[in-house]
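A look at the structure
What follows is the residue order along each chain.
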Amino acid sequence: MKAVTWQGKRDVRVETVPDPTIQEPTDAVIRVTSTGLCGSDLHLYEVLTPFMTPGDILGHEPMGIVESVGAGVPDLSVGDRVVVPFQIACGNCWMCLNSLPTQCETTQVTAEGMGAALFGYTRLYGAVPGGQAEYLRVPQAQYGPIKVPDGPPDDRFVYLSDVLPTAWQAVAYAGIPEGGSVAVLGLGPIGDMACRVAQVRGAGRVFGVDLVGDRLRRAHARGVETYDLRNFDSEKELVDAIRDETDGRGPDAVIDAVGTEAHGSAAARMIQNAAALLPRKVSGPLSERFSVDRLAALHTAIELVRRGGTLSLVGVYGGTADPLPMLTMFDKQLQIRMGQANVRRWVDDILPYLTDEDPLGVDDFATHRIPLTEAPKAYEMFQHKRDGAVKILMTP
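Residues numbered from 1 in each chain as written. Predicted model: local features only at pLDDT ≥ 70, side-chain atom pairs only at ≥ 80, totals over all residues. Heavy atoms only, no water.

As annotated in an unreviewed UniProt entry, the chain carries the name Glutathione-dependent formaldehyde dehydrogenase and comes from Streptomyces phaeoluteigriseus. Per UniProt, the chain carries the Sequence similarities (unreviewed entry) text "Belongs to the zinc-containing alcohol dehydrogenase family." (UniProt positions renumbered as here; feature names shortened; annotations may be inferred.)

Laid out in C-alpha cells, this is it:
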C-alpha cells in the first residue's frame, strides 16, 4: 500500500509499505477513504524529530470502510463505515471507564512514561503506524472506531477523529459561563472549531487572535471578534484591547490553541531547531530532559484571562524544562486544564450537531482536498500557511 512516511526534518514521502493485517483478536483493518493533516503533524515535521524514526507512518485523523475484523471485535462488520479516534484505548480499564481514554491503562506507553498509544505519533506514544495511508490496522477495535451512517460525505464525520472532540474538550475545559466571554489564541483548525463550539454552547462573546489573514477572515465571517496580532506592537497592546471589551477585566476564559511552535519565542525556537539537527541518539535523551517550548502564546493567555478565570490548553506542548510565571498564575487565582482530547467521551455530545443543518460548518470546513500522493506538497503548504490552507483532507 501507499503511505506517508517520515524521513527527517521537513522530509515526508509517499512510499510503498506492507499492507496491515490482523495481528490480535481485537484488531480491525480499514480501507482509508479520507485522512486529515493536523497541526500536531507539523510538530513532527519540525520540532519533535528527536522522537521519530525514518519510515514512521504519519497521520491520526482517518476514516474509512472496515475490510477485516478480529474475532474479539463483536460490534464491527466488514463494510461498516467508521471514524477512528486518534488515541488507542480499550474501553474497559479504570481510566476508560472514568472518561479518560487518553490515559488508557491497557495501551499506556509505560516504557516512555506516557499515556495511551496514539496513531502515527512518535515513539513516545508507541510508534503505532498512522492513518495517512491506504489501509490502517486499528488495535482495540472493540472500543475505538465510531460507526457512522452511509450517505453524507466524509467531511461530515471525519473530524470526529480529532478536530471536533479536541475543540469540544477545549471549550468544556474552559468552563465559559452562560453568556460569558472566551478568547481563542490561534485560529488554525482547532482554534477555528473551538470558536464555533463556544458559540453553539452559549458563549456571549468569542474573541479570536491570529496573524494569518485567511484564518482571521474565516473566523470573522462566522461572528468571531477577531484581532490581528500584526496590528499590535506588543502583547500589552493586544491584552489591553481585549480587556477594553470586557469591562477592563479580560475574558472569562482563554483557550491556547497554538502550543509549542508559537511565534515570538526566538530563543526557544533556536533551541528546538538545534535539537532537531543533532544525531537522534543524542537529541532524544537531551529532549526528554531539557526540551523547551515556545511559550509566547501561553504567556499571553496568562496575562489576558481575567482574575479567577480559566485557561484551557489544547495546543500541543512538549517541553520538560519550561519556565512559567508562577507568581502571576498564583496571584490571579487561575484554573488551568489541559491534555489530549478524550475522543469517545465527547462523541455522543457532538453527533447531534452533525446534521444537514450543519451548525458547526463541518461540510465546508476543509480548505483543501488532495490525493494522498501529494502529501509532501500538503505538509509544506500547511507549514508555511500558503494558499489559504487551514484544513487539508487527503484521499488515498
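The next point concerns the UniProt feature "domain: Alcohol dehydrogenase-like N-terminal" (unreviewed entry) in the chain. Sites flagged by UniProt as "domain: Alcohol dehydrogenase-like N-terminal" (unreviewed entry) map to residues 25-146. This span, residues 25-146, is 10% helix and 23% strand, and a straight line between its end C-alpha atoms measures 18 Å. (Helix = DSSP H or I, 4+ residues; strand = E, 2+ residues; numbered from the N terminus.)

Here the focus is the packing of helix 3 (residues 163-174) against helix 11 (residues 343-350). It is the contact of helix 3 with helix 11, at a shortest axis distance of 9 Å, that shows an interaxial angle of 90°. As the angle between them shows, helix 3 and helix 11 are arranged roughly perpendicular. For the pair formed by helix 3 and helix 11, the contact residues are Leu164, Pro165, Trp168, Gln169, Ala172 and Tyr173 on the first element and Val343, Trp346, Asp349 and Ile350 on the second. Here the residues of the contact of helix 3 with helix 11 are counted per class, giving 8 nonpolar, 1 polar and 1 charged. (Axes fitted to C-alpha atoms, helices over the stretch in contact; angles between N-to-C directions. Parallel < 35°, antiparallel > 145°, perpendicular 65-115°, else oblique. Contact = heavy atoms within 4.5 Å. Nonpolar A, V, L, I, M, F, W, Y, C, P; charged D, E, K, R; others polar.)

Strand order in the open sheet formed by 3 strands is 2-1-4, with antiparallel pairing between adjacent strands. For this open sheet the edge positions go to strand 2 (11-16) and strand 4 (56-57), each flanked by a neighbour on one side alone. (Pairing = 2+ DSSP bridges.)

The next thing to look at is the side chain of aspartate 41. With respect to the helices and strands, the residue aspartate 41 is situated in helix 1 (residues 39-46). Among all residues touching aspartate 41, those that are not within four sequence positions of it are Gly36, Gly59, His60, Tyr121, Gln132 and Tyr379.

Here the focus is the environment of glutamate 15. Structurally, glutamate 15 is set in strand 2. By relative accessible area, glutamate 15 is classed as partly exposed at 29%. In sequence terms glutamate 15 and alanine 71 are 56 residues apart; their C-alpha atoms lie 31 Å from each other. Residues in contact with glutamate 15, not counting those within four places in the same chain, are Met1, Lys2, Ala3, Thr5 and Gln7. At 3.3 Å, the side chain of glutamate 15 forms a polar contact with the side chain of threonine 5. Polar contacts involving the side chain of glutamate 15 include one to the side chain of glutamine 7, which spans 3.2 Å. (Buried < 20%, exposed > 50% of the residue type's maximum accessible area, 1.4 Å probe, protein only. Polar contact = N/O pair within 3.5 Å; in protein donor to acceptor, adjacent residues only side chain to side chain.)

Bringing helix 3 into the picture now. In this model, helix 3 (12 residues) spans 16 Å end to end at C-alpha, consistent with the 16 Å of a helix rising 1.5 Å per residue. Burial analysis of helix 3 places 11 of its 12 residues in the buried class, which makes it a mostly covered element. Taken residue by residue, helix 3 has Val163, Leu164, Pro165, Thr166, Ala167, Trp168, Gln169, Ala170, Val171, Tyr173 and Ala174 as its buried positions. On the buried face of helix 3, the contacting elements are helix 4 (189-200), strand 12 (253-256), strand 13 (310-313), strand 14 (335-338) and helix 11. (Expected span 1.5 Å × (residues − 1).)

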